[in-house]
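As a plain string of letters, each chain reads:
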Amino acid sequence: QVQLVESGGGLVQAGGSLRLSCAASGSVFVLTAMGWYRQAPGRQRALVAGVSSGGSSNYGDSVKGRFTISRDNAKNMVYMQMNSLSPEDTAVYYCNARGYTNYVADFVSWGQGTQVTVSS
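Every value quoted in this text rests on a predicted model; they were computed, and no experiment measured them.

Details of the packing of aromatic side chains
Right, on to step 1. Counted by the stated rule, this structure contains one aromatic pair.
Right, on to step 2. Taking 5.0 Å as the distance between ring centres and 70° as the angle between the ring planes, the aromatic pair formed by tyrosine 37 and tryptophan 110 counts as edge-to-face. Residue tyrosine 37 is found in strand 4 (residues 29-39), and its partner tryptophan 110 is found in strand 10 (residues 107-110); the two are separated by 73 residues along the sequence.
Right, on to step 3. The exposure class assigned to tyrosine 37 is buried, which follows from its relative accessible area of 15%.
Right, on to step 4. Exposure remark for tryptophan 110: the relative accessible area of 37% places this residue in the partly exposed category.
Right, on to step 5. Cation over ring: arginine 45 sits above tyrosine 94, and NZ or CZ is 3.7 Å from the ring centre.

Describing the pairing of strand 11 (residues 114-119)
Right, on to step 1. The two faces of strand 11 differ: Thr114, Val116 and Val118 on one face are buried, but Gln115, Thr117 and Ser119 on the other face are not.
Right, on to step 2. Relative to strand 11, strand 2 (residues 10-13) runs parallel, the two being bridged by four bridges. Pairing of valine 12 across the sheet is with valine 118, part of strand 11.

A look at unusual backbone geometry
If a residue is not glycine, its phi is most likely negative; likewise, a peptide bond is most likely trans.
Right, on to step 1. For asparagine 76, which is not glycine, the phi torsion reads 55° and is therefore positive.
Right, on to step 2. Assessed through its relative accessible area of 25%, asparagine 76 is described here as partly exposed.
Right, on to step 3. Even without being a glycine, serine 84 presents a positive backbone phi close to 50°.
Right, on to step 4. Of note, serine 84 is situated in the loop between strand 8 (77-82) and strand 9 (91-101).

Rules and cut-offs
- Residues numbered from 1 in each chain as written.
- Predicted model: local features only at pLDDT ≥ 70, side-chain atom pairs only at ≥ 80, totals over all residues.
- Heavy atoms only, no water.
- Phe/Tyr/Trp six-rings, centres within 6.5 Å; stacked < 30°, edge-to-face > 60°.
- Helix = DSSP H or I, 4+ residues; strand = E, 2+ residues; numbered from the N terminus.
- Buried < 20%, exposed > 50% of the residue type's maximum accessible area, 1.4 Å probe, protein only.
- Lys NZ or Arg CZ within 6 Å of the ring centre and 35° of its normal.
- Pairing = 2+ DSSP bridges.

Right, here's the structure in full:
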């Protein structure tokens, strides 16, 4: 019902920065929250950052002060600026969206994932 298209992942040196973008598209929908999760090999998928439609945001403890999530409600896009990256940040990053449509009371959508690799 809602497709999420991600961009911005790639390879970066430790201490560098990346900016991830995620665009939501599809049928008529209302987004209530968007966010980013990540999953490293052998680890569970974990919240990195999330933001509600009202602008309230939260972050995982390991990224506080380094990552910043932002949202453009008019464009149905969410961004995450990632600074001071370290090899521990290497993971597949997934965009997530929650909301509703005229036909679905509540939905959760996931992007395909984008690889972020931080070299030491």
